[in-house]
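# Examining the three-dimensional arrangement
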Amino acid sequence: MALLLCLGMTAALARGCLHCHNNFSEKFSYYRHHVNLKSWWVGDIPVSGALLTDWSQDTMRELHLAIPAEITRENLDQVARTVYRKMDQLYQGKMYFPGYFPNELRAIFREQVHLIQNAIIRSRIDCQRHCGIFQYETISCHNCSDSHVICFGYNCESSAQWESAVRGLLIYISNWHKQDTKMRPSSSCISSPGTHRTTPAFLVAPSISCLEPQHLANLTLESASECLTQH
């Protein structure tokens, strides 16, 4: 329950993936300031303005990801180029008939959400196609800070590679929990800057109970290998 509360508080502070792009403020400032020229019907103006103002917050609410919202800079650039291109095309038109402009904004918004979802998931899948511990650099959609995703890949070509991968995993987990105990207060969700770390997904997977901290002391290479191959 405490973990769910922490996650809820984090979500409340979320900024939105596209918000992290360098041109976001300039682009969306223009879109908001020119929205009153895009519809014959005055009722479209406040609706469209609200969509643009809440774009980042609504994006985070609509992502519905079971993994952290962390996107590579390359993928963020691709999403931003697509969104800006479609928005610029929409704004090149003259005044639209009632209802058309906000509907087009919603369509661009939904496409943006799908692009972000697919980019984050695709990067995670590619990461897990490696053998053993692997990481790649990302941007956190929650606070736009530089981050990285760490995963454990099962794509090992030999038993020797698999044994090395499991051994590396055990070392990583042991070190991670030791550092986490020192860095993160156990009584609060809120940590000071620089002390909070996102738990790698493979350490909180509910089905892999053998990787939980209370089992690490008795975890052997053989038992870890058996546990991992069952999931």
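The structure reproduced in this document is the subject of the present report.

Thresholds, definitions, all that
Residues numbered from 1 in each chain as written. Predicted model: local features only at pLDDT ≥ 70, side-chain atom pairs only at ≥ 80, totals over all residues. Heavy atoms only, no water. Salt bridge = Lys/Arg side-chain N within 4 Å of Asp/Glu carboxyl O. Helix = DSSP H or I, 4+ residues; strand = E, 2+ residues; numbered from the N terminus. Buried < 20%, exposed > 50% of the residue type's maximum accessible area, 1.4 Å probe, protein only. Disulfide = S-S within 2.5 Å.

### Considerations on the pattern of salt bridges
In this structure the tally under the stated criterion is six salt bridges. Its salt-bridge partner being Arg61, residue Asp58 comes within 2.5 Å of it at the nearest N-O pair. Of this pair, Asp58 and Arg61 both sit in helix H4 (residues 55-63), three residues apart, which is roughly one turn of the helix. For Asp58, a relative accessible area of 15% puts it in the buried group.

### Digging into the state of the cysteines
Tallying each qualifying case throughout the model produces four disulfides. Two residues, Cys127 and Cys151, share a disulfide whose sulfurs are 1.9 Å apart. Between Cys127 and Cys151, the S-S torsion sits near -100 degrees, and that sign places the bridge as left-handed. A residue pair is termed long-range when its members are at least 10 positions apart, and Cys127 in helix H6 (residues 100-127) and Cys151 in strand E3 (residues 146-154) qualify at 24 residues. Here the two residues Cys127 and Cys151 agree in accessibility, since each one is buried. A sulfur-sulfur distance of 2.0 Å marks the disulfide that ties Cys131 to Cys156.

### Details of unusual backbone geometry
In this model, His64 sits at a positive phi of 55 degrees, which is unusual for a non-glycine residue. By secondary structure assignment, the location of His64 is in the loop between H4 and strand E1 (70-71). In this structure, Cys144 takes a positive phi of about 65 degrees despite not being glycine. Here Cys144 shows up in the loop between strand E2 (131-140) and E3. For Cys144, a relative accessible area of 23% puts it in the partly exposed group.

All quantities given are derived from atomic positions and should not be read as evidence of function.
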